[in-house]
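# A look at the structure
Each chain, written out:
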Amino acid sequence: MASSDKKPVLAPASTGIQGQEPPGKPETIATTVIDAGAKLVQSMKPIQKIKQHACTFALYGHDLHRQIETSHYISRLNNDFLQCAVYDSDESSARLIGVEYVVSAELFERLPAEEQKLWHSHAYEVKAGLWASPRLPDLIEKPELENLARTYGKFWCTWQVDRGDRLPLGAPALMMSPQGVNAGKVRPEMVKRRDDRLGISSEYLKEARLEMAEPEWIHPNADYWKQHGEGFAVDVVSAEMKTVAAFP
Amino acid sequence: MAAATGPIPGDPTPFSISLAETASSAIQSFAPISRIHQHLCAFHFYADDMSRQIEAHHFCAHLNEDVRQCLVFDSPDPGARLIGVEYIVSEPIYLTLPDEEKPLWHSHEFEVKSGILFLPGVSGAVQRQDLEKVAKTYGKTFHFWQVDRGDELPLGIPNLMMALTRDGQLHENLSQDVEKKFGVSFAEERGRRAYMSGPEHGVHPLANGAGKGLKLELREVALPPTVPVPSVFV
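Report follows, based on the coordinates. Everything numeric here is computed off the predicted structure, so don't read it as measured data. (Residues numbered from 1 in each chain as written. Chains lettered and ligands numbered in written order. Predicted model: local features only at pLDDT ≥ 70, side-chain atom pairs only at ≥ 80, totals over all residues. Heavy atoms only, no water.)

Our next topic: the overall build of chain B. When you go through chain B residue by residue, the secondary structure sums to 8 helices and 8 strands. Taken along its principal axes, the extent of the C-alpha atoms in chain B is 65 × 45 × 40 Å. Restricting to contacts in chain B with at least 6 residues of sequence separation, those with at least 24 account for 67%. If you sum the accessible surface of chain B, you get close to 8900 Å²; carbon and sulfur atoms cover 56% of it. Between the averaged position of the 20 positive side-chain charges in chain B and that of its 30 negative side-chain charges there is a distance of 4 Å. (Helix = DSSP H or I, 4+ residues; strand = E, 2+ residues; numbered from the N terminus. Contact = heavy atoms within 4.5 Å. Areas by Shrake-Rupley, 256 points an atom, 1.4 Å probe, with all protein chains shown as cover. Lys, Arg positive; Asp, Glu negative; His and termini not counted. Charge placed at Lys NZ, Arg CZ, Asp CG, Glu CD.)

Below is the structure:
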C-alpha cells in the first residue's frame, strides 16, 4: 500500500497532469490577518537560519527517467552539515516537496555502509553547472561551491508533483543526483528551460567551474545505482504498534 | 533513550562561508520561505511505537485556505535540526484522498482540544481563532532523523509519524517539560477550547493508521539495464 514507486489510483488527489495547484479554497482575508499577527510576535529562529537558495535537479532513485527541477532553501548547521527544505519552484506558491541533508566527505566516511547506499554525490552536479545560486555573484558563491562539490546528499521527496499529484501521496521517494553517465544525465530541454527562466547558462557555469578542485575520489557506496543498476523504493506496511495507552 | 542534544558532528563554520551566507541571505529571494508564518508546537510518535514521543516544532505556511505545509524541527532554537515535514489538509480535502492513502494521515481534534498543540508566544484568544480550524484538519507527517534515539545524523529511512488521539498517551515528563519551557498550562487551555469541535463527519475511521500500526520498509528495485560504471571514472 502507498509505496513510493507505485502510481496512485487516479482521483481528485492525483490527476496525472503536472502543474495543477492543490485543491482548496483561496486563503481568506481572516486567515491572512491571523497569520500576519502570528508572524509578528512569534520567534522563527530555525527559519531565519535559512540563508541560501539554490536551484538544481534531482532524479527519482527508483526511476531515473523521472527528473525534477528543485529549489533548495539551505540552512548550514556547521562546516560539514547542511539541511535543506526542498520546493518545486522558487515562487511563493511553491510546494514543499521534501528534505535534503548534505554532509562533507569526512562525515560521509563515518557512516555505515548500509547507510551510505542511500546517499548521492554532488561533484558532477556542481561541476556541470546544474547547481546554481540564483542572483548570487560567482565570487560570493565560490567558497560555498568548492565545499559543496566534495559533499554527499540524502534527499527524500514527499510530494511527487511531477506525476500530477495535487496532494502529497504515498511513502517518501529516495532521490538521486544527476551524474555524467547513462541515465544520470538531466534532459537538455529541462536544463534549458531552467536556464532561460533564471537568465543563466549552465554551460557558462560549467566553464567557470572548470578550475574548481574535484574530489580525488567518489565513495563507491554513494550513487548506488551506478554500480548496481538498482534503486530503492519505500513501502508502507502494517506493523504491531507498541502502545502505552489505547489507540486511536 | 537518550535524545541527541549535542552539536552536529563536524567543524565550526569558517568565516569565509559565514560571510558568503550573510551575502546570499541579503541578495537572494526566499519567496516560499517567506510564506512561513506560524510556529506551532505539538508531539509526534512513531506510527509503530507510541512509546517513542517527540516534541515537534512546526513552522507552517498556507498553500491555500485548505492546505498547509510545515517544516518540522526538534526545537525552536537557531541550531534546531530539521527532522521532518507535515502537511495539513481540511476535512473536505481529506475525504477526497484514496482509501489507501487515508491511514497515513492523523486527526488533530484531540491535540487541539486538549490544549497540547499550541502556538508559542501567541495569546490564547488569537491562537484559538486558527486552532478551531486546525481541530477539524488531518495531518501527514514523516520524520527523517531519529533524534529521540540519539542519532547524531539523519540515518535510515523515513518514519511515518502519528499524533495523540486520547488522554493517557502523552508521557507525563514530556508534557510537564513543555508546559514549563513555554509557560503554558494544557489543562487551562483545554478548558478554554471546550467549545471547539472536530471534523464535521467525525474522525474518519481510516485515519490514524485505521487504528493500527504502520511502518516504512526499504525495497531494492531493478532499473532498466545500463552499463555499470567502475567508480574510478567519475
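All names here are of chain A. By the burial criterion, the buried members of helix H7 (residues 188-198) are Met190, Val191, Arg194 and Asp195. Buried residues of H7, seen end-on, are gathered within an arc of 130 degrees and therefore sit on one face of the element. H7 presents Pro188, Lys192, Arg193 and Asp196 as exposed residues on the side facing more than 90 degrees away from its buried surface. After H7 finishes, the residue Gly199 shows a positive phi value of roughly 70 degrees. (Buried < 20%, exposed > 50% of the residue type's maximum accessible area, 1.4 Å probe, protein only. Arc of directions from axis to C-beta.)

Before going further, it helps to examine the packing of aromatic side chains. Tallying each qualifying case throughout the model produces 14 aromatic pairs over all chains. Ring centres of Tyr73 of chain A and Tyr87 of chain A lie 5.6 Å apart, and the angle between their planes is 80 degrees; on these two criteria the pair is classed as edge-to-face. Here Tyr73 of chain A is found in strand E2 (residues 63-78), whereas its partner Tyr87 of chain A is found in strand E3 (residues 81-87), with 14 residues between them in sequence. Residue Tyr87 of chain A is classed as buried on the basis of its relative accessible area, which comes to 2%. Taking 5.6 Å as the distance between ring centres and 65 degrees as the angle between the ring planes, the aromatic pair formed by Phe118 of chain B and Phe182 of chain B counts as edge-to-face. With Phe118 of chain B in the loop between helix H4 (109-113) and helix H5 (124-134) and Phe182 of chain B in helix H6 (residues 172-182), the pair connects residues that are 64 residues apart, well separated along the chain. Judged by its relative accessible area of 2%, Phe118 of chain B is buried. What links up through ring pairs into an aromatic cluster is the set Tyr73 and Tyr87 of chain A together with Phe30 of chain B. One residue, Arg95 of chain A, lies across the ring of Trp159 of chain A, its end atom 5.8 Å from the ring centre. Above the face of the Trp145 of chain B ring, Arg81 of chain B is positioned so that its terminal group lies 5.7 Å from the ring centre. (Phe/Tyr/Trp six-rings, centres within 6.5 Å; stacked < 30°, edge-to-face > 60°. Lys NZ or Arg CZ within 6 Å of the ring centre and 35° of its normal.)

Residue and element names in this part refer to chain B. Burial along strand E7 (residues 159-162) is two-sided: Asn159 and Met161 facing one way and Leu160 and Met162 facing the other are all buried. Where strand E6 (residues 138-143) meets E7, 3 bridges bridge the pair, whose relative direction is antiparallel. Opposite His143, over in E7, you have Asn159 as the bridge partner. (Pairing = 2+ DSSP bridges.)

Honestly, it's all geometry; don't read function into it.
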